[in-house]
Amino acid sequence: HSERAPVEAWVEWRDKFAENQVMKYGKFVDYWMERFDKFNKDRPIFSYEALTDDIQGPEEAIRMTQFLAQSKGVVPIEEESVPCVWRAVVKYKDQIPDANKRRLNESRRRLDPSHHDSQRSGPTERPYTPEQLLSMVQMLDGLLQKWSARNTRLKEILEGYLSDVNEAYLV
């Protein structure tokens, strides 16, 4: 999809489902880390934030291409073409006229305002309650304690999330 829900719809969804989704995220990470435990040191882990970032995105796409190329029957595109394909798929709205682009950029606000995300339109404000933020902190702390020694990339991602949540929680 290419458009975000209005803030009012987000708040309604948040109040019904956010706590459950936080728990599910923790279980999701545990599931994949436990499923192939012997591969945890070499397991490639990708984050949405890195994949959609203007700087990191093309490199992450190349890492993903290299990983997928290890699978039997997968013939990836040439590595030098990956950044171009990444840009066309992830940054597809970069082709819009300058006036519209400026309006889109001015309307973007998120937990980490310096992050350059994908090109979805609509409000980026997603308020959380202090209780929900505390729940996120506790879940992320638990994941870090459990997995940080086994996968450096996962540790970096979770620490980034924890930093963002703590920043929002302490404001």
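Keep in mind it's a predicted model, so treat the numbers as computed, not measured.

> Explain the packing of helix α3 (residues 56–68) against helix α4 (residues 82–90) to me, and be specific about the residues and the numbers.
Contact geometry for α3 and α4: axes closest at 9 Å, N-to-C directions at 115°. Considering how the two elements wind past one another, α3 and α4 form a crossing that is right-handed. On the side of α3, the interface is formed by Gly 57, Pro 58, Ala 61, Ile 62 and Thr 65, while α4 contributes Val 82, Pro 83, Trp 86 and Arg 87. Taken together, the residues of the contact of α3 with α4 break down into six nonpolar, two polar and one charged.

> Give me the lowdown on helix α1 (residues 7–35), citing residues and values where you can.
Spanning 29 residues, α1 covers only 37 Å between terminal C-alpha atoms, well under the ideal 42 Å at 1.5 Å per step. Where α1 bends most, the angle comes to about 60°, and this point is Phe 17. Residues of α1 that are buried: Val 7, Trp 10, Arg 14, Ala 18, Val 22, Gly 26, Val 29, Asp 30 and Met 33. Buried positions along α1 lie against α6 (130–147) and α7 (152–170).

> So, the confidence of the model for the chain: which residues are in play, and what are the values?
The share of residues in the chain with pLDDT of 70 or more is 81%, and the mean pLDDT across the chain is 84. Mean pLDDT per element in the chain: helix α5 (residues 98–106) is the minimum at 48, and α6 is the maximum at 96. pLDDT under 50 marks residues 100–110. Its contacts with residues more than four places away, or in other chains, come to 16 contacts.

> An account of the packing of α1 against α6 is needed here, citing residue identities and associated values.
Interhelical geometry of α1 versus α6 gives an angle of 5° and a closest axis separation of 10 Å. Taken together, the axes of α1 and α6 lie roughly parallel to each other. For the pair formed by α1 and α6, the contact residues are Arg 14, Asp 15, Ala 18, Glu 19, Val 22, Tyr 25, Gly 26, Val 29, Asp 30, Met 33 and Glu 34 on the first element and Gln 132, Ser 135, Met 136, Met 139, Leu 143, Lys 146 and Trp 147 on the second. A per-class count over the contact of α1 with α6 returns nine nonpolar, three polar and six charged.

> So what's going on with the packing of aromatic side chains? Residues and values would help.
Evaluated as defined, the whole model comprises six aromatic pairs. On the basis of an interplanar angle of 70° and a centroid distance of 6.5 Å, the ring pair of Tyr 25 and Tyr 161 is categorised as edge-to-face. Of this pair, Tyr 25 sits in helix α1 while Tyr 161 is found in helix α7, placing the two residues 136 residues apart along the sequence. Ring centres of Tyr 31 and Trp 32 lie 4.9 Å apart, and the angle between their planes is 90°; this geometry places the pair in the edge-to-face category. Exposure remark for Tyr 31: the relative accessible area of 39% places this residue in the partly exposed category.

Calculation criteria
- Residues numbered from 1 in each chain as written.
- Predicted model: local features only at pLDDT ≥ 70, side-chain atom pairs only at ≥ 80, totals over all residues.
- Heavy atoms only, no water.
- Axes fitted to C-alpha atoms, helices over the stretch in contact; angles between N-to-C directions.
- Helix = DSSP H or I, 4+ residues; strand = E, 2+ residues; numbered from the N terminus.
- Left-handed = near helix turned anticlockwise from the far one by under 90°.
- Contact = heavy atoms within 4.5 Å.
- Nonpolar A, V, L, I, M, F, W, Y, C, P; charged D, E, K, R; others polar.
- Expected span 1.5 Å × (residues − 1).
- Bend = angle between axes of the 7 residues up to and from the residue.
- Buried < 20%, exposed > 50% of the residue type's maximum accessible area, 1.4 Å probe, protein only.
- pLDDT = per-residue confidence, 0-100.
- Parallel < 35°, antiparallel > 145°, perpendicular 65-115°, else oblique.
- Phe/Tyr/Trp six-rings, centres within 6.5 Å; stacked < 30°, edge-to-face > 60°.

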